[in-house]
Amino acid sequence: NNDAIIENQFYSPRILSIVHVDKNKISSANNGSILDPYNTIAPSIPRVASGGRIMVAAGTYNENVTINKSLTINGAQFGNDARTRSGSESIINGGGTNFTITADIVTIDGFTLYGQAGSAAIVVIGGNTGESVKNTIINNSGTTVSFNTSHTMFFTKFVNKILSAPTLVVKG
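Helices and strands together make up the secondary structure of the chain, namely one helix and 17 strands. Counting over 172 residues, the chain shows a buried share of 48%. Looking at the chain as shown, the accessible area adds up to about 8,200 Å², and 52% of this sits on carbon and sulfur atoms.

Next up, the structure:
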């Protein structure tokens, strides 16, 4: 759709093809638009259309996010190689699993993740396909990624900065 914003006005709140999140922008509406973004990531998930995009501005987000539909979630560094980049980051520091994925075709791109011992930074639940983690730095003393599926998870240009932790755990 050439990055046009599409609204489905039959639902309340309206479903958007692109939803914005910026913890540093104080907004009275908090409707996910570029002018009135959400301050946290979690409310953006039900607001974005399946197959849509969530754009997360630089800042630290102290939350754990469950992704239950096909979408792309881009941090401030999306498209930039995690091994060589510099600049402001979209940091998820939820004190547990940062992202839990329960849907097919999910892309996480351009984040820095801080998990905690005893939990994985990213958990994929179910027989999902099409998950992709790109350009993401994972600072976790626990497991980097845990997935319970027989399908493949693809990783490109991501960094696990705590090398004493196992990089990947496969269950099932």
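A word on the nonpolar core. Grouped together as the largest cluster of nonpolar side chains are 27 residues, with contacts concentrated most on Ile54, Ile67, Ile73, Phe99 and Ile122. Looking at this core, the elements that each hand over two or more residues are β2 (15–21), β3 (48–56), β5 (65–67), β6 (71–74), β8 (99–101), β9 (106–109), β10 (111–114) and β11 (122–125). Excluding residues within four positions of it along the chain, isoleucine 73 makes contact with Ile41, Ile54, Val56, Ile67, Phe99, Thr107, Ile108, Asp109 and Phe111.

Moving on to the side chain of aspartate 22. Secondary-structure assignment places aspartate 22 in the loop between β2 and α1 (44–47). Within the buried core, aspartate 22 has no salt-bridge partner, and the shortest N-O distance to an opposite charge, that of lysine 25, equals 6.4 Å. If near-sequence neighbours (up to four positions away) are discounted, aspartate 22 is found in contact with Pro37, Tyr38, Asn39, Ala57, Ala58 and Tyr61.

Here β3 runs beside β6; their pairing, made up of four bridges, is parallel. Looking across to β6, one finds that methionine 55 is bridged to asparagine 74.

A few words on the packing of aromatic side chains. Aromatic rings considered in pairs are described by the distance between their centres and by the relative angle of their planes. In total, this model carries one aromatic pair according to the counting rule given. A ring pair is formed by phenylalanine 99 and phenylalanine 111, whose centres lie 5.5 Å apart and whose planes are at 75 degrees; its orientation type is edge-to-face. With phenylalanine 99 in strand β8 and phenylalanine 111 in strand β10, the pair connects residues that are twelve residues apart, well separated along the chain. Phenylalanine 111 shares its class with phenylalanine 99; the two are buried.

In the predicted model, the chain carries a mean pLDDT of 79, and the fraction of residues at 70 or more is 74%. Element-level pLDDT for the chain is lowest in strand β17 (residues 168–170), with a mean of 38, against a maximum mean of 97 in β6. Considering only residues more than four positions removed or in separate chains, one finds that residues 162–172, a stretch of pLDDT under 50, has 28 contacts.

Note that asparagine 68 resides in the loop between β5 and β6. In this structure, asparagine 68 is in contact with Ile45, Thr102 and Ala103, ignoring residues within four places of it in sequence.

If you walk through the whole model with that rule in mind, you get two salt bridges. Note that aspartate 81 and arginine 83 form a salt bridge whose closest N and O atoms lie 2.7 Å from each other. The exposure class of aspartate 81 is buried, given its relative accessible area of 18%. Between arginine 85 and glutamate 89 there is a salt bridge whose closest N-O contact spans 2.8 Å. Here arginine 85 matches glutamate 89 in class, with each residue buried.

Basis of the calculations
- Residues numbered from 1 in each chain as written.
- Predicted model: local features only at pLDDT ≥ 70, side-chain atom pairs only at ≥ 80, totals over all residues.
- Heavy atoms only, no water.
- Helix = DSSP H or I, 4+ residues; strand = E, 2+ residues; numbered from the N terminus.
- Buried < 20%, exposed > 50% of the residue type's maximum accessible area, 1.4 Å probe, protein only.
- Areas by Shrake-Rupley, 256 points an atom, 1.4 Å probe, with all protein chains shown as cover.
- Core = buried A, V, L, I, M, F, W, Y, C linked by side-chain atoms within 4.5 Å.
- Contact = heavy atoms within 4.5 Å.
- Lys, Arg positive; Asp, Glu negative; His and termini not counted.
- Salt bridge = Lys/Arg side-chain N within 4 Å of Asp/Glu carboxyl O.
- Pairing = 2+ DSSP bridges.
- Phe/Tyr/Trp six-rings, centres within 6.5 Å; stacked < 30°, edge-to-face > 60°.
- pLDDT = per-residue confidence, 0-100.

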